[in-house]
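This is what each chain is made of:
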2 protein chains.
Amino acid sequence: MATSTKRPARKQSTSSRSTKKAPGKRAKSKEQTKARILNAALELFGKKGFYKTTTKEISQKARIAEGTLFNYFKTKEDLALYFFETELQTCIDWYYKDDYVQAAPLPEKLFALVQHYLDRIEPYQEFIGAVYLRALQPRSKLNPLSLEVQELRIRELKFIRDILDEAEEKEEVPPFGEFGVYALGLGFMGILTYWLNDRSEGKENTLALLDRALTLANSVLRQGGWEW
Amino acid sequence: MATSTKRPARKQSTSSRSTKKAPGKRAKSKEQTKARILNAALELFGKKGFYKTTTKEISQKARIAEGTLFNYFKTKEDLALYFFETELQTCIDWYYKDDYVQAAPLPEKLFALVQHYLDRIEPYQEFIGAVYLRALQPRSKLNPLSLEVQELRIRELKFIRDILDEAEEKEEVPPFGEFGVYALGLGFMGILTYWLNDRSEGKENTLALLDRALTLANSVLRQGGWEW
DNA sequence: GCGTTAATATGAGTATACTCATTTTTTGGG
DNA sequence: CCCAAAAAATGAGTATACTCATATTAACGC
């Protein structure tokens, strides 16, 4: 019964043809399989939601055996988490390519960054709630709140720290150091949580909250006043 | 059933003191069963951890059928969550009975409260990580970050708000309103997360962080200075 | 007591994330 | 080409949270 599926269509048309290129057949096929899984998962999650999508369905749609899926992703949640990591990275890249944003004052910068990120993960809204919380789990590599435990090797944390360092250098902010990174991470998490709960049109409440929080923080830090 | 004493039932006659005690057999047995479940669960969670404890084991230890467990708690996680709600309530009660704490300035007050809470949930440490995150889930009743969605009916939020109101009244803090409640809730969550990751002796790192955060916040708010 | 109704208990059954021993495919050396 | 080892795929099997139709028990009016 096996074998009916994957059959490499092209037998080798002799060894000469395929001169072991850099990728190699194996690596290439692996990549493709992974892509198929991700496509299938994304489509199904979007259509039926994270919980109602079974790993069996995903495998079928990706045309692989169910077990294979777990060779690529340790758990179903890891599979979903993949999208956020990707988007986060995209967001970081975006930042470093946009001179205007980079030059802006801290509050504007943070506002733009968060807004950008929220825009990007919008499609995953339905299932992000089910999954992003995992990132807070004590052992998770994505946990922005376990700074002292893990040695700041993680991309995302490094990014936050870079932004903060720059602001400290420009004296936009007092030298908070680690503490600041932690606080920023926490604040981001708060916004994300609020966003998840936000039923307002175009998530405007979240943006309003974000704006208010940044303005307030800025004003408190700069002039020690709270009349905003 | 109980004695065969005829009990000429009367239609109404509310005055009938006949039925000895208020509880009634049913309510009583229900209470006992619930208690048995909680005891069994607590012991097993403590001994084997949340994930390795099966609902079957819990039922057996509580001497009930497996299905019965789910008549009392919708999910296994709800069962675990029960302990936190209880401890939180205990904590709130403790606060209102301690005049000294109530009279203290806000930072000391918050420090004492959090420390007290952490002390109390210490025994559940092993499994709290697995479960408390659920509280952040968009729909959760415990989510301290979904203020505007849910109308502040929840005990815990009300408590935070009361404390903040009082501080605002005493002018220890500017009138932040809802915003303040949200921020406090978020801060508490941050501490809890840090605590979960804290491997230091006696969780002293967490206490240090808490102290630092409160001192800093206080100083920034009061004098607009950040030399602390 | 007896009958009726509603609450509660039951445990076999279901769904599904994940495992693992086995099979298939790829690679690379002779 | 062929073979052996490594990598990857496979799908039947497992574990377990949770459901549900049925059975048991309590409550209460007569």
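Read on for a plain summary of the structure.

Calculation rules
Residues numbered from 1 in each chain as written. Chains lettered and ligands numbered in written order. Predicted model: local features only at pLDDT ≥ 70, side-chain atom pairs only at ≥ 80, totals over all residues. Heavy atoms only, no water. Helix = DSSP H or I, 4+ residues; strand = E, 2+ residues; numbered from the N terminus. Buried < 20%, exposed > 50% of the residue type's maximum accessible area, 1.4 Å probe, protein only. Contact = heavy atoms within 4.5 Å. Areas by Shrake-Rupley, 256 points an atom, 1.4 Å probe, with all protein chains shown as cover. Near = heavy atom within 4 Å. Polar contact = N/O pair within 3.5 Å; in protein donor to acceptor, adjacent residues only side chain to side chain. Nonpolar A, V, L, I, M, F, W, Y, C, P; charged D, E, K, R; others polar. Phe/Tyr/Trp six-rings, centres within 6.5 Å; stacked < 30°, edge-to-face > 60°. Lys NZ or Arg CZ within 6 Å of the ring centre and 35° of its normal. Salt bridge = Lys/Arg side-chain N within 4 Å of Asp/Glu carboxyl O. Core = buried A, V, L, I, M, F, W, Y, C linked by side-chain atoms within 4.5 Å.

Another point: the overall build of chain A. Each helix and strand in chain A was counted, giving 10 helices and 0 strands. Each helix and strand of chain A, ordered N terminal to C terminal, gives the series α-α-α-α-α-α-α-α-α-α. A buried classification covers 43% of the 228 residues belonging to chain A. A sequence separation of at least 24 residues applies to 61% of the contacts in chain A between residues at least 6 apart. Carbon together with sulfur atoms contributes 54% to the accessible area of chain A, which is approximately 13,400 Å² in total.

In the vicinity of DNA strand C there are 22 residues, among which Lys25, Thr55 and Lys76 of chain A together with Ala65 and Thr68 of chain B approach most closely. Restricting attention to atoms of DNA strand C within 4 Å of the protein, one finds that 68% of them are sugar or phosphate atoms. One of the side-chain nitrogen or oxygen atoms of Glu66 of chain A is found 3.3 Å away from a base nitrogen of DNA strand C. At 4 residues, the largest contribution of residues to the surface near DNA strand C is made by helix α3 (residues 66-72) of chain B. When the residues that make up the surface near DNA strand C are grouped by side-chain class, the tally is 5 nonpolar, 10 polar and 7 charged.

The next point concerns the packing of aromatic side chains. Inspection of every chain in the model, using the stated rule, returns 22 aromatic pairs over all chains. Ring geometry for Tyr194 of chain A against Tyr182 of chain B: centres 5.5 Å apart, planes inclined by 85°, an arrangement best described as edge-to-face. Highlighted residues: Tyr194 of chain A in helix α9 (residues 178-197) and Tyr182 of chain B in helix α9 (residues 178-197), drawn from two different chains. Of the two residues examined, Tyr194 of chain A and Tyr182 of chain B, each falls in the buried class. Feature note: the residues Phe73, Tyr82, Phe83, Phe84 and Tyr124 of chain A constitute an aromatic cluster, connected by ring pairs. Lys76 of chain A extends its terminal NZ or CZ atom over the ring of Phe50 of chain A, reaching a point 4.6 Å from the ring centre.

What follows covers the pattern of salt bridges. Residue and element names in this part refer to chain B. For the structure on display, the rule yields 14 salt bridges over all chains. The residue Arg120 makes a salt bridge to Glu87 at a minimum N-O spacing of 2.4 Å. On the criterion of sequence distance, the pair formed by Arg120 in helix α6 (residues 106-121) and Glu87 in helix α4 (residues 76-97) is long-range, its members being 33 residues apart. We classify Arg120 as partly exposed; its relative accessible area is 33%. Given the relative accessible area of 8%, Glu87 is considered buried. Between Asp162 and Lys158 there is a salt bridge; the shortest N-O distance is 3.5 Å. Linking Asp162 with Lys158, this pair stays in helix α8 (residues 155-169), spanning 4 residues, or about one helical turn. Take Lys158: its relative accessible area is 42%, and that puts it in the partly exposed class.

Moving on: the nonpolar core. Judged by nonpolar contacts, the single largest core of 103 residues is most densely connected at Ile58, Phe84 and Ile121 of chain A together with Ile58, Phe84 and Ile121 of chain B. Once you skip the residues sitting within four places of it in the chain, Phe84 of chain B turns out to touch Tyr117, Ile121, Tyr124, Phe127, Ile128 and Val131 of chain B.

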